[in-house]
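# An overview of the molecular structure
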Amino acid sequence: MISVKHLKKYFPIKKGLLQRAQGYVKAVDDISFSVAKQETLGLAGESGSGKTTTARLILNLLKADGGEILFDGEDILRLDRNKIMGIRSKMQIIFQDPFSSLNPRMRIREIIAEGITIHRHMTSKETDKSVDEVLEMVGLPSGYKSRYPHQFSGGERQRIGIARAIIVRPEFIVCDEPVSSLDVSIQAKILNLLKDLKERLKLTYIFITHDLSVVATICERVAVMHNGKIVEIGDTRTIFTNPREEYTRRLLRSIPIPDPSRRRHFNK
Amino acid sequence: MSLLEVKDLKTYFFTDKGVQKAVDGVSFSIDPGETLGLVGESGSGKTVTALSILNLVDEPGKIVGGDILLEGKSLLPLKASDLTQIRGRDISVVFQEPLTALNPVLTIGNQITEQIMAHMKMSYRDAKERALLAMKEVRLKDSDRLFYDYPHRLSGGMRQRAMIAMALCLRPKLLIADEPTTALDVTIQAEILRLLVEIKERHNMSVLFITHDLGIIANIADKVCVMRSGKIVESAKVEDIFYNPKADYTKQLLEAVVKIPEDMRIA
């Protein structure tokens, strides 16, 4: 469904009075991978690994410096504006911090419906029906429609963020650290919701996370990123149990596992 | 005798909207050389508990009941100047965000040196020597040069090492660590946690470790208190908490935590 080939993004380091580029930060440095329909691929890495830049390139929120991104066979880096708008409605993003990505002055109904008012023409009644439908899908009562974002807990806000993404019936969603700022007891619930929606709506996910426990829970395949490159990519279970690269091994050994019998292992 | 004893501590916040019982009857004790893990979700009262021990609770918060004993002596009736002596010398603290806790206009070395001189009668030269030693102990590479560097020039992991050096340079009996690795990358977090365990064991220091992360708790705590809504719902040895939890809330937390399944863990 999505195929990324030799993707590059270099940010110039500007210095001095004339702001000449003194060098480049290779944020994404020649990476290639593909995601099959209805698959979840994890892009895992620490800060500065290039995982978020990769996501922004795929969603066309940043201009790539090289490479191709094929969506259903079409290179989205070389499409004209009209065609891009068409493809955009098939792609959505769910952000880490649901609070900062929700407009505090808009009611939940407007926030969720924003996507369909841009991408489709609908009557108010039809819009209402769609909003009710997605609220039900994310497990929120339809009475929430007339409230404002600040009236909700972190988990509920993330559900609203998800409702807002799925209302345009996307085929593909980039999930950018969607559970990182949530409390422990909420994280699993949101991951389960995302899993259910994937089945129900036949979605394809790219899951960006620094948390390998999240990768183990939801991603069938994983690409481990480090310094702008993919260090290792493959089936999650294989990579977790038998990593080939030293960096992946170090990353996996660094995870504190909630089991005191693993302690000696961790402190080694 | 326990090093620290917290007895029926109550810290309330008096706001316009009413009284918020942030800490509501919390009791625990920490023995010398022991690590107590205080675990809970956001708003459970774990940080306010730590601030209460340090007597750093700000208005509108107030300690309204209970007692805090360090080596049998109550800290609550102490004058501000006596408390300042205890903080830093007997009890020190490492917070989550080292950049906000470090003074941006002082070099790393001078902050540590200043901390030492504030608590001990020592010449600048001796204090500097001791600061450099502390920097070496936390394995800040190139400490002779870093001594003259400012906090913003350091990476997150190095800053946290500098904070730990500052907290440990006076050999405190108790270290309070409040989510000290939450803002760090996982590989850096592991290095910092291993360092803390190593230093703790070398000096037989006690640690009160506050975190929301059950994985960290499992790997460093001897004893665990699980907090919720200002109360301790369960307190037990770390193995009992994980393998034989009693309270429903502890069970729910353990059930909910997102973890790598056993058959997917690296050997």
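Source: prediction; values computed, not measured. (Residues numbered from 1 in each chain as written. Chains lettered and ligands numbered in written order. Predicted model: local features only at pLDDT ≥ 70, side-chain atom pairs only at ≥ 80, totals over all residues. Heavy atoms only, no water.)

### Notes on the pairing of strand β8 (residues 206-211) of chain B
Here is the key point about a regular strand: its side chains alternate between the two faces of the sheet. All names here are of chain B. Of all six residues in β8, six are buried; the element is thus mostly enclosed. Of the two faces of β8, the one carrying Ser206, Leu208 and Ile210 and the one carrying Val207, Phe209 and Thr211 are both buried. Sheet topology places strand β7 (residues 174-178) next to β8; five bridges connect them, and they run parallel. From the neighbouring strand, Ala177 faces β8, where its bridge partner is Phe209. Crossover handedness for the path β7 to helix α8 (residues 186-203) to β8: right-handed. (Buried < 20%, exposed > 50% of the residue type's maximum accessible area, 1.4 Å probe, protein only. Helix = DSSP H or I, 4+ residues; strand = E, 2+ residues; numbered from the N terminus. Pairing = 2+ DSSP bridges. Right-handed = clockwise from strand over helix to strand, strands pointing away.)

### Let's talk about the sheet that holds strand β10 (residues 229-235) of chain A
Residue and element names in this part refer to chain A. Taken in spatial order, the six strands of this open sheet run β6-β7-β8-β3-β9-β10, and their pairing is mixed. The open sheet has two edge strands with one neighbour each: β6 (91-94) and β10. Each strand axis lies, on average, 15° off the axis of its neighbour in the sheet, ignoring direction. The sheet contact formed by strand β7 (residues 172-176) and strand β8 (residues 204-209) spans five bridges and is parallel. (Axes fitted to C-alpha atoms, helices over the stretch in contact; angles between N-to-C directions.)

### Some details on the interface of chain B and chain A
Each partner contributes residues to the interface: chain B has 38 residues there, and chain A has 37 residues. Roughly 3500 Å² is buried in total at the junction of chain B and chain A, and carbon and sulfur atoms are behind 58% of that figure. Viewed at the interface, chain A and chain B are joined by two salt bridges. Between A:Asp259 and B:Arg265 there is a salt bridge, and its shortest N-O distance comes to 3.7 Å. Viewed at the interface, chain A and chain B are joined by 14 residue pairs in polar contact (both at pLDDT 80 or more). Of all the elements in the fold, those that place two or more residues in the side of chain B that touches chain A are α8, α9 (214-220), α10 (238-243) and α11 (248-256) of chain B. The element contributing the most residues to the side of chain B that touches chain A is α8(B), with nine residues. Here the residues of the side of chain B that touches chain A sort into 23 nonpolar, six polar and nine charged. (Contact = heavy atoms within 4.5 Å. Buried area = accessible area lost by both parts, 1.4 Å probe. Salt bridge = Lys/Arg side-chain N within 4 Å of Asp/Glu carboxyl O. Polar contact = N/O pair within 3.5 Å; in protein donor to acceptor, adjacent residues only side chain to side chain. Nonpolar A, V, L, I, M, F, W, Y, C, P; charged D, E, K, R; others polar.)

### What about the nonpolar core?
Residues A:Ile112, A:Ile162, A:Ile166, A:Leu197 and A:Phe240 are the most contacted members of the largest nonpolar core, which totals 57 residues. Ranked by residues supplied to this core, first place goes to helix α6 (residues 184-201) of chain A with six residues. Aside from chain neighbours lying at most four places away, what touches A:Phe240 is A:Leu212, A:Val215, A:Ala216, A:Val222, A:Leu252, B:Ile260, B:Met264, B:Arg265 and B:Ile266. Core analysis: the second largest hydrophobic core is formed by 40 residues, A:Phe266, B:Leu154, B:Leu170 and B:Ile192 among them. (Core = buried A, V, L, I, M, F, W, Y, C linked by side-chain atoms within 4.5 Å.)

### Topic: the packing of aromatic side chains
Here the distance between the centres and the angle between the planes together describe a pair of aromatic rings. All names here are of chain B. A complete count under the given rule lists six aromatic pairs over all chains for this structure. Both rings, one in Tyr12 and one in Phe14, keep their centres 6.5 Å apart while their planes meet at 55°; by these two values the pair is tilted. According to the relative accessible area criterion, Phe14 is partly exposed, its value standing at 40%. Sitting above the plane of the Phe147 ring, Lys128 keeps its charged end 5.1 Å from the centroid. (Phe/Tyr/Trp six-rings, centres within 6.5 Å; stacked < 30°, edge-to-face > 60°. Lys NZ or Arg CZ within 6 Å of the ring centre and 35° of its normal.)

### What to know about the domain arrangement of chain B
Accessible area lost when the parts come together is the quantity often used to give the size of an interface. Residues and elements named next belong to chain B. With domains assigned, chain B is organised as domain 1 (1-90 + 174-257) and domain 2 (98-171). Distance between the C-alpha centres of domain 1 and domain 2: 25 Å. With 18 residues of domain 1 in contact, the opposing surface of domain 2 contributes 15 residues. Of the roughly 1400 Å² buried between domain 1 and domain 2 on both sides combined, carbon and sulfur atoms contribute 61%. Our count for the domain 1 to domain 2 interface comes out at nine residue pairs in polar contact (both at pLDDT 80 or more). For the side of domain 1 that touches domain 2, the secondary-structure elements that each account for two or more residues are α2 (80-89) and α8. Looking at the side of domain 1 that touches domain 2, the element that brings in the most residues is α8, giving nine residues. When grouped by side-chain class, the residues that make up the side of domain 1 that touches domain 2 number nine nonpolar, four polar and five charged. (Domains from an automatic or database assignment.)

### Notes on the sheet that holds strand β5 (residues 73-74) of chain B
Strands belonging to one sheet form pairs held by backbone hydrogen bonds; the direction of such a pair is parallel or antiparallel. Residues and elements named next belong to chain B. Strand order in the open sheet made by the four strands is β2-β1-β4-β5, with antiparallel pairing throughout. Lying at the two open borders of the sheet, with one neighbouring strand each, are β2 (18-30) and β5. With 10 bridges connecting them, strand β1 (residues 4-15) and β2 associate as antiparallel partners. Its bridge partner lying in β2, Leu4 is registered against Ile30. Along the sheet face, helix α1 (residues 46-53) touches β1, β2 and β4 (61-70) and points at about 110° away from the line of β1.

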